[in-house]
Amino acid sequence: MKRHLIALAVAATLAPLAAHAQDQGDWIVRARAVSLTSANDDSTGLDLSINDKVIPEVDISYFLSPNWAMELILTYPQKHDVKSAGAKIGSFKHLPPTLTAQYHFTGLSVWRPYVGLGLNYTHISDVSWDPAVEAALQPTLKRDSFGLAAQVGADFPLGGGWLLNVDVKKVQIGTEVSSCGVKAGDYATEAAIPHRG
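The structure reproduced in this document is the subject of the present report.

Cut-offs applied
- Residues numbered from 1 in each chain as written.
- Predicted model: local features only at pLDDT ≥ 70, side-chain atom pairs only at ≥ 80, totals over all residues.
- Heavy atoms only, no water.
- Helix = DSSP H or I, 4+ residues; strand = E, 2+ residues; numbered from the N terminus.
- Buried < 20%, exposed > 50% of the residue type's maximum accessible area, 1.4 Å probe, protein only.
- Areas by Shrake-Rupley, 256 points an atom, 1.4 Å probe, with all protein chains shown as cover.
- Phe/Tyr/Trp six-rings, centres within 6.5 Å; stacked < 30°, edge-to-face > 60°.
- Polar contact = N/O pair within 3.5 Å; in protein donor to acceptor, adjacent residues only side chain to side chain.
- Contact = heavy atoms within 4.5 Å.
- Pairing = 2+ DSSP bridges.
- Salt bridge = Lys/Arg side-chain N within 4 Å of Asp/Glu carboxyl O.

Considering the overall build of the chain
Link 1 in the chain: Counting its secondary structure elements, the chain contains one helix and 14 strands.
Link 2 in the chain: Residues counted as buried form 41% of the 197 residues belonging to the chain.
Link 3 in the chain: For the chain, the computed accessible surface area is about 9,700 Å², with 63% contributed by carbon and sulfur atoms.

This is the structure we're talking about:
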């Protein structure tokens, strides 16, 4: 069973920054609460799903120039329940750091839009299954994966050294699940993630 997590992130954050365009060497650090809402798509016939949750996130951006920046998206390992037809059958933790390269459009007085592309690395740990599921299926997860990431966002100067940031991210996270050593099917989920800072 191959599982893809496509994460759609919407961010609204206040950041204490100068109201001028960023210069080379400038940093932005944002702390956010992220609401993860998953839309699950399962082809195994087991009606598989993962739970929704609110998770913490820290984003760190470094400006290489007024137009180009790198952003690192971080959290700590997040636990998700795995359900079949609404009944919990197991759980796992995943750590999904993501790095994007951003292009910031300059010369606009009211807002500063940007776009970004990057790469996600996900490590899965602490996998646990219901004893009956473990005995019957002997499931295993591939622990490491890479996927693409894309984002669109904008900063809105509010005055007094503060910015309002709105950001939408789409991140691919995938893993393979096998039963008794054999790949069992495909599972995909698309997650909407509103950020509040």
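Having put the structure on the table, let's press on.
Quick word on the side chain of H104
Link 1 in the chain: Tracing the backbone shows H104 in strand 8 (residues 98-104).
Link 2 in the chain: Assessed through its relative accessible area of 4%, H104 is described here as buried.

Examining the packing of aromatic side chains
Link 1 in the chain: One pass over the full model with this rule turns up five aromatic pairs.
Link 2 in the chain: When the ring of W68 is compared with that of Y103, the centres are 5.0 Å apart and the planes differ by 70 degrees; the resulting orientation is edge-to-face. Of the two residues, W68 is situated in strand 5 (residues 68-74) and Y103 in strand 8; the sequence distance between them amounts to 35 residues.
Link 3 in the chain: Aromatic side chains Y121 and F146 sit 5.2 Å apart centroid to centroid with 45 degrees between the ring planes, which places their arrangement in the tilted category. Highlighted residues: Y121 in strand 9 (residues 112-129) and F146 in strand 11 (residues 144-159), separated in sequence by 25 residues.
Link 4 in the chain: The exposure class of Y121 is partly exposed, given its relative accessible area of 30%.
Link 5 in the chain: For F146, a relative accessible area of 60% gives the class exposed.
Link 6 in the chain: Among the aromatic side chains, those forming a connected cluster through ring pairs are W68, Y103 and F105.

Some details on the side chain of E71
Link 1 in the chain: For E71, the location among the structural elements is in strand 5.
Link 2 in the chain: Residue class for E71 comes out buried when judged on its relative accessible area of 0%.
Link 3 in the chain: Reaching out from E71, the side chain makes a polar contact with the side chain of S61 at a distance of 3.3 Å.
Link 4 in the chain: Not counting chain neighbours up to four residues away, the residues in contact with E71 comprise R30, D59, I60, S61, T98, L99, T100, Q102, Q151 and K169.

Thoughts on the pairing of strand 7 (residues 87-95)
Link 1 in the chain: Bridge count between strand 6 (residues 78-84) and strand 7: seven bridges; the pairing is antiparallel. Bridge pairing links V82 to G90 in strand 7.
Link 2 in the chain: Counted between consecutive antiparallel strands, the loop separating strand 6 from strand 7 contains two residues, among which A85 sits at a positive phi close to 55 degrees.
Link 3 in the chain: The sheet contact formed by strand 7 and strand 9 spans five bridges and is antiparallel. Paired with L95 across the strands is H123, a residue of strand 9.

Topic: the pattern of salt bridges
Pairing between side chains of opposite charge can happen when the charged atoms of each approach one another.
Link 1 in the chain: Tallying each qualifying case throughout the model produces two salt bridges.
Link 2 in the chain: Put simply, K88 and D81 hold a salt bridge, and the shortest N to O gap is 3.4 Å.
Link 3 in the chain: Two residues, D126 and K93, come together in a salt bridge whose shortest N-O distance is 3.6 Å. With D126 in strand 9 and K93 in strand 7, this pair connects stretches of sequence that are 33 residues apart.
Link 4 in the chain: Note on D126: relative accessible area 49%, which makes it partly exposed.

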